[in-house]
Amino acid sequence: MTRAGFSGAAAIAGIGATEFSKNSGRSEWQLACECVLAALDDAGIDVAEVDGFSLFTMENNPEIAVARALGIPQLSFFSRIPHGGGGACAPVQQAALAVAAGVADVVVVYRAFNERSGHRFGAGPPPFAYNPSTDQEYRNWINPYGLLTPAQQEAFLAMLYMHKYGATSEDFGRISVLSRKHAANNPKAWFYQRPITLEDHQNSRWIAEPLHLLDCCQESDGGQALVIVSTERARDLPNPPAVIRAAAQGVGPQQISMSSYSRADIDRLPEVNLVAEQLWRQAGLGPEGIDAAVLYDAFTPMVLLQLEEYGFCGIGEAKDFVADGNLEVDGRLPVNTHGGQLGEGYIHGVNGIAEGVRLIRGTSTNQPAKPVEHVLVTGGSPVPHSAIVLGTDD
Amino acid sequence: MNEETVVRTAVPRLVVTQDNEFWFRAAREGRLEIQRCADCHVLRHPPAPVCPECRSFDWDTVESSRRCTLHSYTVLHYPRDDAFDYPLTVGLVDLEEGIRLVADIAGVDRDELEFGMELEVGFTEHAHGEILPQLRRPRGSRS
Ligand SMILES: [Zn+2]
């Protein structure tokens, strides 16, 4: 396999976050500035050196607002990635490409919001849904029939997946229990020291059948930032580099946001498969070379589907792969060791990238005993997808 | 509507464009129309300006028999919107013509839902004010 041109050229040198809460008590703009400063401090890089930002299109705090507030004198690179959590890892790809191409030297990625005390994604369509454009036209075919939230929109996939492969609500629940177990040992997690049982999961109220409340991630206030520089520079900084070995985006056939219902198999995720193929080619390894993973867990069924699409197990076999303990800290593939978005907090997947960095540094609060050389971090589904492979320096 | 009957709904207003206006107009008249490529005759839904098979911009429509089978479904409990009654059953169906459609299901109990069951597309004015498809048991079938 041949490696992509930018594979290994850039690294995540700093991570920084605010607390993850249900009511931050301060502006989203302040959260963004706080987490950016924390990440730069972690990287040992002066704030005035930042010359690039890469963000979500959904980010409410534009790069120029943060640059102005922090007195960053100039930016030579700034980009935005659509599709919410699906695109979570793509700003890191943008940053790596910019650094590898010499367009920017210090690129910061951040996601900061009051997603619990302000607009809640689980409450209904976001404010931009009411802008009548081709971008929102897909809502014509789902919203007027009651499918208003992400949980409601992916329920068809989960229901059909259970029917086809014999998976049960308990199989989804095991992901929730695992995440809360990991979160219970992570002081940064909202659900620190609050594990749950499978019985708790089963007893939690229905949201959108087959999804119970405890199949759904949290809604959180908070900010998370990442600092990307060249791997060469990262070697001279305080923390071991988390080298960006691969980074990819994917859109599949007849893709619609959250509702690609015209595909033959609605329970398959071709955009995830497309990302996987690119990652393996870029990094020069396959799923067997991944030591731990942070899989986007807005809703538990997507963790099972992603395990399959990334090739960690066969199609329809994720329930057994999970039940056999493979996702535990001492298992074959420790998953969501920070507690995931179910347990730690929902920072639209960017807090998961920070956990990927900690796993490479060896500093997760649930650090596996085995050597961790390659970590997969993924964005959300079923929407346009993104993911990265982080590696130790070699 | 007077003040007392105003429904506060989060359902966005329809985004009606030159590409999909035919569909909503037909729905208001109680017909289910499906967009068809005028060149290669492949059906498509949701509507779009061009055929993804042959890239022709020419299209016409065919009227659906409205007969369908249940491909998947969900029962919604939370959050609740004023335009619907909960628990709300929503189905994804395979129309006889070979395309998929989403609509809420009326008159079928939760326990009676089955993958592959026969349903029919009817039309009703939803509480948010739009006349749109609603799934129900086929006419003449036992309920
Ligand atoms: Zn055609």
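Starting from 1, residues in each chain are numbered consecutively following that chain's sequence as written. The naming scheme follows written order: chains are lettered A onward, ligands numbered 1 onward. Local features are withheld for residues below a pLDDT of 70 in this predicted model, meaning they are given only at 70 or higher, and side-chain atom pairs are given and counted only at 80 or more; totals for whole chains, interfaces and linings count all residues. Think of the side-chain values as coming from all heavy atoms in the structure, minus any hydrogens and water.

**Student:** How do you make sense of the side chain of Arg100 of chain B when you look at a structure like this?
**Tutor:** Helix and strand assignments come from DSSP, with helices taken as H or I runs of at least 4 residues and strands as E runs of at least 2, each series counted from the N terminus. Secondary-structure assignment places Arg100 of chain B in strand β6 (residues 100-104). Side-chain atoms alone can form a polar contact between residues adjacent in sequence; in general such a contact is a pair of N or O atoms within 3.5 Å, and within protein one must be able to donate a hydrogen while the other accepts it. In terms of polar contacts, Arg100 of chain B uses its side chain to reach the backbone carbonyl oxygen of Tyr261 of chain A, at 2.7 Å. Whether two residues touch is decided by their heavy atoms; if any such pair falls within 4.5 Å, the residues are in contact. Apart from the residues within four sequence positions on either side, Arg100 of chain B is in contact with Tyr261, Ser262, Arg263, Ala264 and Ile266 of chain A together with His45, His71, Leu92, Val93 and Asp94 of chain B.

**Student:** What exactly am I supposed to notice about the sheet that holds strand β2 (residues 43-44) of chain B here?
**Tutor:** Working definition: the strands of a sheet are paired by backbone hydrogen bonds and lie parallel or antiparallel to each other. Residue and element names in this part refer to chain B. Here 3 strands make up an open sheet; going across it, the order is β2-β1-β3 and the pairing antiparallel. Each edge of the open sheet carries a strand with a single partner, namely β2 and β3 (59-63). Lines fitted to C-alpha atoms define the axes here, with helix axes fitted over just the stretch in contact, and angles between the N-to-C directions of these axes take values from 0 to 180 degrees. The sheet strands contacting helix α1 (residues 21-28) are β1 (33-37) and β3, and the helix crosses β1 at an angle near 150°. Only strands joined by at least two bridges in the DSSP assignment are considered to pair.

**Student:** Please clarify how empty space enclosed by the protein should be interpreted in this entry.
**Tutor:** Over the atoms rolls a probe the size of a water molecule, and in doing so it shows where empty space is left. In this analysis, the protein atoms alone were mapped onto a 1 Å grid. Cavities are point sets where a 1.4 Å probe fits without being able to get out; pockets are open sets with protein on both sides within 12 Å along at least five of seven lines; lining residues have an atom within 4 Å of a point. Grid points are joined across faces, edges and corners, and a volume is the space filled by probe spheres set on the points. Using the criterion set out here, one finds 4 cavities of 30 Å³ or more in the structure. Trp141, Ser259 and Tyr261 of chain A together with Pro46 and Val102 of chain B are, among the 13 residues lining the largest cavity, the residues nearest its centre. A total of 3 residues in the lining of the largest cavity trace back to one element, the largest contributor, which is β6 of chain B. Basically, the charged four are Asp, Glu, Lys and Arg, the nonpolar ten are Ala, Val, Leu, Ile, Met, Phe, Trp, Tyr, Cys and Pro, and anything else, Gly included, counts as polar. Among the residues making up the lining of the largest cavity, the classes are represented as 9 nonpolar, 3 polar and 1 charged.

**Student:** Is there a simple way to think about the coordination of the zinc ion in this case?
**Tutor:** For a metal with four tetrahedral donors the ideal donor-metal-donor angle is 109.5 degrees, whereas six octahedral donors ideally subtend 90 or 180 degrees. Residue and element names in this part refer to chain B. The donor set covers N, O and S atoms within 2.8 Å of the metal, switching to 3.2 Å for Na, K and Ca, and it leaves out water, so a site may look short of donors. Coordination of the zinc ion by the protein is provided by Cys37 (SG), Cys40 (SG), Cys51 (SG) and Cys54 (SG), with metal-donor distances spanning 2.3 Å. Square planar and octahedral assignments, for four and six donors respectively, both demand that opposite donors be over 155 degrees apart and that all other angles lie between 65 and 115; tetrahedral needs four donors with all angles between 85 and 135 degrees, and anything else is irregular. Here the zinc ion is ringed by 4 donor atoms whose angles at the metal span 99 to 118°, and the overall shape comes out tetrahedral. Counting along the primary sequence, the residues that act as donors to the zinc ion give the motif C-x2-C-x10-C-x2-C. Its relative accessible area of 1% is what places Cys51 among the buried residues. The rule is simple: take the accessible area with a 1.4 Å probe, protein chains only, and divide by the maximum for that residue type; under 20% is buried, over 50% is exposed, in between is partly exposed.

**Student:** Help me out: how do you make sense of the packing of helix α1 (residues 28-43) of chain A against helix α2 (residues 63-70) of chain A in this one?
**Tutor:** How two helices pack is summed up by the angle between their axes together with the distance between the axes. All names here are of chain A. Remark: α1 packs on α2, axes separated minimally by 10 Å, with the N-to-C direction vectors making an angle of 65°. Regarding the angle of α1 to α2, the classification is roughly perpendicular. By crossing handedness, the relation of α1 to α2 is classed as right-handed. Judged by residue contacts, Trp29, Ala32, Cys33, Val36 and Leu37 of α1 engage Ala65, Val66, Arg68, Ala69 and Leu70 from α2. Of the residues contributing to the contact of α1 with α2, the split by class is 9 nonpolar, no polar and 1 charged. Here is the rule for angles: anything less than 35 degrees is roughly parallel, anything more than 145 is roughly antiparallel, 65 through 115 is roughly perpendicular, and the remaining ranges are oblique. By the definition used in this description, the sense in which the near helix is turned from the far one sets the handedness, with an anticlockwise turn below a right angle giving left-handed and a clockwise turn giving right-handed.

**Student:** Would you mind showing me how to read the environment of Glu344 of chain A here?
**Tutor:** Residue and element names in this part refer to chain A. With respect to the helices, strands and loops of the structure, Glu344 is situated in the loop between α11 (340-343) and α12 (350-361). Overall, Glu344 belongs to the buried group, its relative accessible area being 1%. Expressed as a C-alpha distance, the spacing of Glu344 and Glu309, which sit 35 residues apart in the sequence, is 25 Å. Excluding anything up to four places from it in sequence, Glu344 contacts Phe20, Ala183, Asn186, Lys188, Ala189, Trp190, Gln218, His338, Gly339, Asn351 and Arg358.

**Student:** Explain the pattern of salt bridges to me, please; I cannot follow it from the model alone.
**Tutor:** If the charged atoms of two oppositely charged side chains come close together, the side chains can form a pair. A pairing counts as a salt bridge when a side-chain nitrogen of Lys or Arg comes within 4 Å of a carboxyl oxygen of Asp or Glu. Scanning the model with the defined rule gives 28 salt bridges over all chains in all. The shortest N-O distance in the salt bridge between Arg268 of chain A and Glu309 of chain A comes to 2.6 Å. With Arg268 of chain A in the loop between β8 (242-250) and α8 (270-283) and Glu309 of chain A in helix α9 (residues 300-309), the pair connects residues that are 41 residues apart, well separated along the chain. Owing to a relative accessible area of 30%, Arg268 of chain A belongs among the partly exposed residues under this scheme. A salt bridge links Glu112 of chain B to Arg137 of chain B; its shortest N-O distance comes to 3.0 Å.

**Student:** Any chance you could explain the confidence of the model for chain B here in plain terms?
**Tutor:** If pLDDT is low for a region, its predicted coordinates should not be looked at in detail. Across the chain, each position has a pLDDT score giving the predictor's confidence in that residue, from 0 to 100. For chain B, the mean per-residue pLDDT works out to 94, and 94% of the residues sit at or above 70. Quick note on the complex model: pTM equals 0.97, ipTM equals 0.95.

**Student:** Is there a simple way to explain the interface of chain A and chain B in this structure?
**Tutor:** Interface size is often expressed as the accessible area that is lost when the parts come together. Taken together, the 38 residues of chain A in the interface contact 37 residues of chain B. Defined in terms of a 1.4 Å probe, buried area is the accessible area two parts forfeit on being brought together, summed over both. With both sides pooled, the region where chain A packs onto chain B buries about 3,200 Å², and carbon together with sulfur makes up 65% of that total. Of all residues in chain A, the largest losses of buried area upon contact with chain B belong to Trp141, Tyr145 and Phe156 of chain A, amounting jointly to 26% of the total for that side. Counting across the chain A and chain B interface gives 1 salt bridge. Between Glu209 of chain A and Arg110 of chain B there is a salt bridge, with the nearest N and O atoms lying 2.6 Å from each other. Taken together, chain A and chain B are joined by 14 residue pairs in polar contact (both at pLDDT 80 or more). Broken down by secondary-structure element, the contributors of at least two residues to the side of chain A that touches chain B are α4 (150-165) and β5 (206-208) of chain A. It is α4 of chain A that contributes the most residues to the side of chain A that touches chain B, 6 residues altogether. Among the residues forming the side of chain A that touches chain B, the class breakdown is 22 nonpolar, 11 polar and 5 charged.

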